[in-house]
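Results of the structural survey
The chain contents come next:
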Amino acid sequence: MKILFKNTTQYTPETYAKFLEFHSVKYNFSYKLGWISFICFIIFIVLYQIKYNKNFKSFIIIIAVLAIFFAIKFIYPKLKIKKEFKSSKISNSENFIFRFYDKYFKIHSNGKYSIIYYHSIYRVYDTDDFFYLYLNKDKSFLIDKTGFSIGTAEEFSQFLKNKYKKKYEKIQSI
């Protein structure tokens, strides 16, 4: 099978920080809006319990559940980011080699590789310096525009635009 594009991207703390900045600008509003709505709903239930049922055991259970959800939503992601920064792929500035074929792409790193089929890509963002290929809202691949050894960033951008149509978005400096 013929390689259409080949890219080598080094994942460094700076690269990852730039991605986190992009990701937070792109997704934080929707995350926060969802959780604010959820918290308002819980507060409504608590007030209802206090006013009409006078059941303080339910009130305590609801507050405990709310505290657990708060920890999962706001504390766990921060711990996950700290762990990611300490991971070998970031702290050792690991190189990832991406080889793009017609129906899938391969990611090579440390003698291992993974195959990702294009249909599994959730969203594609084309920024000034990187392409971000999201598998879901929390996992993505960072592809440096300066790292192409087969093809160019412009050709790759057009390839992604043709392949993803509605999932592709060109982002000007954030």
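Residues numbered from 1 in each chain as written. Predicted model: local features only at pLDDT ≥ 70, side-chain atom pairs only at ≥ 80, totals over all residues. Heavy atoms only, no water.

1. Some points on the overall build of the protein chain
Looking only at helices and strands, the protein chain features 4 helices and 9 strands. When the helices and strands of the protein chain are listed from N to C terminus, the series reads β-α-α-α-β-β-β-β-β-β-β-α-β. Relative to its full complement of 174 residues, the protein chain shows a buried share of 34%. Surface exposure of the protein chain reaches about 11200 Å², of which carbon and sulfur atoms provide 62%. (Helix = DSSP H or I, 4+ residues; strand = E, 2+ residues; numbered from the N terminus. Buried < 20%, exposed > 50% of the residue type's maximum accessible area, 1.4 Å probe, protein only. Areas by Shrake-Rupley, 256 points an atom, 1.4 Å probe, with all protein chains shown as cover.)

2. Here's the deal with the sheet that holds strand S3 (residues 104–109)
One open sheet holds the 5 strands; their spatial order is S4-S3-S2-S1-S8, and the pairing between them is antiparallel. For this open sheet the edge positions go to strand S4 (112–117) and strand S8 (148–150), each flanked by a neighbour on one side alone. Direction aside, the axes of adjacent strands within the sheet are offset by 20 degrees on average. Across 4 bridges, strand S2 (residues 95–100) lies against S3 in antiparallel orientation. Considered in S3, the bridge of Ile97 is made with His108. The strands touched by helix H4 (residues 153–164) within the sheet are strand S1 (5–10), S2 and S8, with S1 carrying the most contacts at an inclination of about 110 degrees. (Pairing = 2+ DSSP bridges. Axes fitted to C-alpha atoms, helices over the stretch in contact; angles between N-to-C directions. Contact = heavy atoms within 4.5 Å.)

3. Some remarks on the sheet that holds strand S6 (residues 130–134)
An order of S7-S6-S5-S9 is seen for the 4 strands of this open sheet, with the pairing classed as mixed. For this open sheet the edge positions go to strand S7 (140–144) and strand S9 (168–170), each flanked by a neighbour on one side alone. Mean inter-strand twist for the sheet, computed between neighbouring axes without regard to direction, equals 15 degrees. The sheet strands contacting H4 are strand S5 (123–126), S6, S7 and S9, and the helix crosses S6 at an angle near 30 degrees.

4. A closer look at the pairing of S3
The buried fraction of S3 is high, at 5 of 6 residues. Where S2 folds back onto S3 in an antiparallel hairpin, the turn is made up of 3 residues. In this structure, S3 lies alongside S4, joined through 6 bridges in antiparallel fashion. Along S4, the bridge assignment pairs His108 with Tyr113. Where S3 folds back onto S4 in an antiparallel hairpin, the turn is made up of 2 residues, including Asn110, whose phi is positive at roughly 50 degrees.

5. Observations concerning the confidence of the model for the protein chain
The predicted model of the protein chain averages 82 in pLDDT, with 79% of residues at 70 or higher. Mean pLDDT across the elements of the protein chain ranges from a minimum in helix H3 (residues 88–91), with 54, to a maximum in S8, with 97. (pLDDT = per-residue confidence, 0-100.)

6. Some details on the pairing of S2
In terms of strand pairing, S1 meets S2 through 6 bridges, oriented antiparallel. Across the sheet, Phe5 pairs through a bridge with Phe100, a residue of S2.

7. A closer look at the side chain of Ser157
Looking at where Ser157 falls in the secondary structure, it is placed in helix H4. The exposure class of Ser157 is buried, given its relative accessible area of 12%. Within the structure, the side chain of Ser157 is placed 2.8 Å from the side chain of Tyr168, a separation counted as a polar contact. Contacts of Ser157, omitting those with residues within four sequence positions, involve Asp126, Phe131 and Tyr168. (Polar contact = N/O pair within 3.5 Å; in protein donor to acceptor, adjacent residues only side chain to side chain.)

8. Focus: the nonpolar core
Grouped together as the largest cluster of nonpolar side chains are 32 residues, with contacts concentrated most on Phe98, Phe100, Phe105, Leu133, Phe156 and Leu160. Elements represented by at least two residues in this core include exactly helix H1 (13–53), S2, S3, S5, S6, S7 and H4. Excluding residues within four positions of it along the chain, Leu160 makes contact with Val124, Phe131, Leu133, Lys165 and Tyr168. (Core = buried A, V, L, I, M, F, W, Y, C linked by side-chain atoms within 4.5 Å.)

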